[in-house]
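Structure at a glance
One-letter residues, chain by chain:
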Amino acid sequence: MKRIFNFLLLITLSLTVLSQGGLGYQEPPKEIKDLVDAPLAPSVRIDNKGENVILLYRDAYKTIAELSEEELRLGGLRINPVTNIGSRTTFYNNIQVKKAFDSDARQVSGLPQNPRLAYFSWSPDESMMAFTHTTDTGVEVWVLDVAKGQAKRLTNAGVNANMGGSLEWFADSKALLVKMLPADREPLIDTETAVPTGPTVTVSSGAKAQNRTYQDLLKNPVDEKNFEQLARSEIHKVTLDGTTSKWMDSGMYDDISFSPDGNYVLVSKVKRPFSYLVPYYRFASETAIFDKNGKQVKMLLDQSVDEVRPKGFMATTDQPRSFNWRADKPATMVWTKALDGGDPALEMEYHDEVFELEAPFTGNERSVLKVKNRLSYIQWGTDEVAIAHDYWFDNRNTKSYVFNPSDNSKEPKIIVDRNYQDAYSDPGNFVTSKNKLNQYVLSMNNGNVYLMGDGFTDEGQFPFVDQMNLASGKTTRLYQSAYTDKVEDLIDAIDMSKGELLVRIESPTEYPNYYLRNIKKKIALRPITQFENPFKSIQDVHKEVITYKRDDGVELTGTLYLPIGYDKEKKEKMPMIMWAYPVEYKDKASAGQNTTNPNEFIYPYYGSPVFWVTRGYVVLDDAAFPIIGEGDEQPNDSFRKQLVANGKAAIDAVDALGYIDRNRVGVGGHSYGAFMVANLLSHSDLFAAGIARSGAYNRTLTPFGFQREERSYWEAPEVYNTMSPFMHADKMKTPLLLVHGEADNNSGTYPMQSERYFNALKGLGGPARLVMLPKESHGYRAKESIMHVLWEQDQWLEEHVKNRDEMETTVEIDK
């Protein structure tokens, strides 16, 4: 009897630990763990000529110890104040080099011990590659001689990478500008022990400042002081022999870029006053042009704090923006200014205007172009030819214009005018190549340009290369991939005159590898990489893209995987996990297009549901969940109804194939997908359980818009309330696993969202489990966290989906 009592006590204590409080990191079953432990193939960098290949190796995940290093969250940045680099930076730990068609790569010599490498940057002539190495005490700049395969250190550990990129090559490839810690840097203030000198006061002047719910903002004068010290740098010139000289005195430098001829430098820097409402990139700032010796030539913009903007996703500043160099000119500055004052609600023939100013920058700026929407970017070609691209969110429109940058009296010609969500009509991207200034410009030949496209059609995906005559607008197909059992991605044009393309080819069982394809000569592909499939345990899994219809006729798709060893003839009814993410559309035609290729490599990354094919589950991944609002109707006006219709259609489709027990279907999602899950469980009885990771569940906490909703809470309170699972927690009777990173910095998905939602469910008797991951942000990085999340998900699915009590009473839910 005593043994039985002790055994029951042990079980009770174990269940208590599992239900509340601390829990050591767990690991998933071996078949899942083995996939997580598979080695990560290197990242590939290939030079412009397709001759030299750099292979960058790293661990697939960080450790929880790395995530636990000291971190300050200031002005939208996350900084390690000890090493002076972003605390969430992805580091590489090895480099190899090879000639493109050599089978074996060479190990780079001279690398530091315990490499933590980042910010890789080709020199303009591509003979060198600069990068940073983070030591225990700071950041160094190193350089790789590509031909020799040798690396060497250029600076001490005094580089300041807190604001991102910290180095910029001179045009001659013989030196770099590097942000270094200033000699007069003051000690940081300990925020835990600092004695306040008074309250923190923020004032509304009456102007509307409808900003998104940014995180990691400055909160008080101590934050301001620490941000300023961490952001301040001196800019030094560092030659390839390691000689260092100060180029510019200290300031809070953000971006640095040389003119194509190397004679001028565009420098932007942050300055006071700061803001407690917006991130650092909307603080007061200055943008100026300097000569290559550091002497100021032209002040372009002295910007005050950018807190107040009109409403809408297309709203922008009323000041000049997007300063950059013309790629086809030695030293010509280009920028954009909103003709509507930044207010997209104003009816305008043209919303943006582009200006330019040539060196020596003493004259007046010249208008180059006006566009009907918001300018996205310009691809420069020659004195007479350039192509501009714009877009507008409200109607999903994008236009491309060919124009004469030397003569603004000539009307730009619109050569593309389409819905940017209409993948079938996508003409592709214009091909660029390097000019004599080592800048990328349009590849042109006798008035023709080239486009490379993804090639999605209603019959499948067939990437292509087209030639377009700019005068007539006529296109000629030069190449179209013929694969029906593989995916061919057109990565880059090596030399269009020779017909040489860099492509990447993969299949469900073949890891993505790079090749040189010649579209003019009928010769075999030349392999550049030969990576093996590290996930062979699931290479024989059945995979297909299924198509089906929603009850209103909208075409839907999903990628279906059957469990390992599944007998398609026997058709045993299996449990299923569905994973999805809602996407808003303004037309049914675009929403119903198939942009999923069944021949993509099966890659079980940490957030994927594909792991569960090893555990006896059917998996429907990337199930289409369009939310459509045509005409004056907005997508979210009928969000819940469409959400449930999408879920039902997916289950009906797989059930009709005979593979699943529809009473044992789970649903999962991350971020907005988690929001989807909570709504599905609250307003339908379709699912046995749900998994919601890093979501937002109370939309009133994001009152000035969320996801693709532009209206504020006060404009559309019924939409916010109807869409918020928190407001309907009393209806939630289906088991829900909530997972959230304690350090989530994504706009809107505060950790509080999951905590408060769980509290509501618990208070109302809803079956739920909340897992808060220490140190993790919106996406999870530490291997310990990832293993534990996979364990949590597996436990949840096993209990509430696979082994769901068949006698369980179905709860009727008001739909």
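The shown structure was predicted, so the numbers you read here are calculated from the model rather than taken from an experiment.

Examining the overall build of the chain
In terms of helices and strands, the chain carries ten helices and 49 strands. Against the globule reference of 28 Å for 815 residues, the chain gives a C-alpha radius of gyration of 28 Å, in line with a compact fold. Along the three orthogonal principal directions, the C-alpha set of the chain runs to about 90 × 70 × 60 Å. Considering the chain as a whole, with its 815 residues, one finds that 55% of them fall into the buried category. Taking the intrachain contacts of the chain between residues at least 6 apart in sequence as the baseline, contacts between residues at least 24 apart amount to 59%. Accessible area of the chain: about 36100 Å², with a carbon and sulfur share of 48%. Each charge sign in the chain was given a centre, from 93 positive and 112 negative side chains, and these centres are 2 Å apart.

Regarding the sheet that holds strand β14 (residues 233-239)
Each strand in a sheet pairs with its neighbour through backbone hydrogen bonds, running either in the same direction (parallel) or in the opposite one (antiparallel). Overall, antiparallel pairing links the seven strands, which are arranged β12-β13-β14-β15-β16-β17-β18 in an open sheet. A single partner strand is all that each edge strand has here, and the edge strands are β12 (167-169) and β18 (296-303). For this sheet the average axis-to-axis angle between neighbouring strands, irrespective of direction, equals 35°. Pairing analysis gives seven bridges linking strand β16 (residues 264-270) to strand β17 (residues 285-291), with the strands arranged antiparallel. For V267, the partnering residue across the bridge sits in β17 and is A288.

So, the side chain of Q593
Position of Q593 relative to the elements: it lies in the loop between α5 (588-591) and β44 (618-623). Note on Q593: relative accessible area 12%, which makes it buried. From its side chain, Q593 meets the backbone nitrogen of Y424 in a polar contact 3.3 Å long. Residues contacting Q593, with those up to four places away along its chain left out, are Q421, D422, A423 and Y424.

Let's talk about helix α4 (residues 221-231)
An α-helix turns once per 3.6 residues; consequently, residues spaced three or four apart project the same way. Within α4, the full set of buried residues consists of D223, E224, N226, F227, Q229, L230 and A231. Contacts from the buried residues of α4 go to β3 (72-74), β4 (77-80), β14, β15 (244-258) and β16. Residue N220 occupies the N-cap position of α4, its side-chain oxygen lying 3.1 Å from the main-chain nitrogen of V222.

Observations concerning the sheet that holds strand β22 (residues 366-371)
Spatial strand order, β19-β20-β21-β22: four strands in an open sheet with antiparallel pairing. Every other strand in the sheet has two partners, leaving β19 (321-325) and β22 as the edge strands with one partner each. Neighbouring strand axes in the sheet, compared pairwise and without regard to direction, differ in orientation by 20° on average. The pairing of β19 with strand β20 (residues 332-338) spans three bridges and is classified as antiparallel. The residue of β20 that forms the bridge with R321 is T336.

Observations concerning the pattern of salt bridges
In this structure the tally under the stated criterion is 46 salt bridges. Here R309 ties to D306 by a salt bridge, and the two come within 2.5 Å at their closest N and O atoms. On the accessibility criterion, R309 (23% relative accessible area) is partly exposed. The partner of E709 in a salt bridge is R711, with the nearest N and O atoms 2.7 Å apart.

Overview of helix α7 (residues 672-683)
With twelve residues, α7 ought to run about 16 Å at 1.5 Å a step, and its terminal C-alpha atoms sit 17 Å apart, in line with that. Taking burial as the measure, the twelve residues of α7 include twelve buried ones, the bulk of the element. Where α7 is concerned, the buried positions are Y672, G673, A674, F675, M676, V677, A678, N679, L680, L681, S682 and H683.

What to know about the packing of aromatic side chains
A full pass over the atoms with the stated rule returns 32 aromatic pairs. Taking the centre distance of 5.5 Å and the plane angle of 75° together, the rings of F227 and F283 count as edge-to-face. Of this pair, F227 sits in helix α4 while F283 sits in the loop between β16 and β17; the two residues are 56 residues apart in sequence, bridging distant segments of the chain. A centroid spacing of 5.0 Å and a plane angle of 90° characterise the contact between Y264 and F361, whose relative ring orientation is edge-to-face. Residue Y264 is located in strand β16, and its partner F361 is located in the loop between β21 (352-358) and β22; the two are separated by 97 residues in the primary sequence. You'll find Y264 and F361 in the same group, each marked buried. Taken together, the aromatic side chains of Y511, F531, F535, F601 and Y603 make up a single cluster linked through ring pairs.

Observations concerning the side chain of S173
Within the secondary structure layout, S173 lies in the loop between β12 and β13 (175-180). For S173, the residues in contact, after removing those within four places along its chain, are S123, P124, D125 and L240.

Description of the environment of E572
If you trace the backbone, E572 turns up in the loop between β41 (555-561) and β42 (574-580). By relative accessible area, E572 is classed as partly exposed at 44%. Counting along the chain gives 89 residues from E572 to D661, while the straight-line C-alpha distance between them is 8.8 Å. Those residues in contact with E572 that sit more than four places away from it in its chain are Y566, G658 and Y659.

What to know about unusual backbone geometry
Between R272 and the following residue, P273, the backbone shows a cis peptide bond with an omega angle of 5°. In this structure, P273 sits in the loop between β16 and β17. Of note, the amide linkage connecting A359 to P360 takes the cis form, showing an omega dihedral of 10°. Among the secondary structure elements, P360 is positioned in the loop between β21 and β22.

So, the confidence of the model for the chain
Residues of the chain with pLDDT of at least 70 account for 96%, and the chain-wide mean is 94. Below a pLDDT of 50 lies the segment residues 1-17, which in the model reaches two contacts outside its immediate sequence neighbourhood of four places, other chains included. Of the regions scoring below 50 in pLDDT, residues 809-815 engages in 15 contacts with residues more than four places distant in sequence or in other chains.

A word on the pairing of strand β2 (residues 52-57)
Summarising burial for β2: five of the six residues are buried, a large majority. Inspection of the sheet shows strand β1 (residues 43-46) paired to β2 by four bridges, in the antiparallel sense. Bridge pairing in β2 places S43 opposite L56. Counted along the chain from β1 to the antiparallel partner β2, the turn is five residues long, and its residue G50 has a positive phi close to 70°. Pairing geometry for β2 and strand β6 (residues 94-99), over six bridges, is antiparallel. Opposite Y57, over in β6, you have N94 as the bridge partner.

Some details on the pairing of β15
Pairing analysis gives five bridges linking β14 to β15, with the strands arranged antiparallel. Across the sheet, the residue bridging to S233 is G251, located in β15. Here β14 folds back onto β15, and the loop between the two strands holds four residues, one of which, G242, carries a positive phi near 95°. Where β15 folds back on β16, the antiparallel hairpin that results is connected by five residues, among which G262 adopts a positive phi of roughly 80°.

Comments concerning the packing of helix α6 (residues 639-656) against α7
Interhelical geometry of α6 versus α7 gives an angle of 85° and a closest axis separation of 10 Å. Judged by the inter-axis angle, α6 sits roughly perpendicular to α7. Here F639, R640, L643 and V644 of α6 lie close against α7, whose contacting residues are Y672, F675, M676, N679, L680 and H683. Here the residues of the contact of α6 with α7 sort into seven nonpolar, two polar and one charged.

A word on the environment of F274
Along the polypeptide, F274 turns up in the loop between β16 and β17. Taking the C-alpha atoms as reference points, F274 and P344, 70 residues apart in sequence, are found 26 Å from one another. With residues near it in sequence (within four places) discarded, F274 still touches L218, E224, F227, E228, M252, F283 and V305.

Quick notes on the rules
- Residues numbered from 1 in each chain as written.
- Predicted model: local features only at pLDDT ≥ 70, side-chain atom pairs only at ≥ 80, totals over all residues.
- Heavy atoms only, no water.
- Helix = DSSP H or I, 4+ residues; strand = E, 2+ residues; numbered from the N terminus.
- Rg over C-alpha atoms; globule rule 2.2 N^0.38 Å.
- Buried < 20%, exposed > 50% of the residue type's maximum accessible area, 1.4 Å probe, protein only.
- Contact = heavy atoms within 4.5 Å.
- Areas by Shrake-Rupley, 256 points an atom, 1.4 Å probe, with all protein chains shown as cover.
- Lys, Arg positive; Asp, Glu negative; His and termini not counted.
- Charge placed at Lys NZ, Arg CZ, Asp CG, Glu CD.
- Pairing = 2+ DSSP bridges.
- Axes fitted to C-alpha atoms, helices over the stretch in contact; angles between N-to-C directions.
- Polar contact = N/O pair within 3.5 Å; in protein donor to acceptor, adjacent residues only side chain to side chain.
- Salt bridge = Lys/Arg side-chain N within 4 Å of Asp/Glu carboxyl O.
- Expected span 1.5 Å × (residues − 1).
- Phe/Tyr/Trp six-rings, centres within 6.5 Å; stacked < 30°, edge-to-face > 60°.
- pLDDT = per-residue confidence, 0-100.
- Parallel < 35°, antiparallel > 145°, perpendicular 65-115°, else oblique.
- Nonpolar A, V, L, I, M, F, W, Y, C, P; charged D, E, K, R; others polar.

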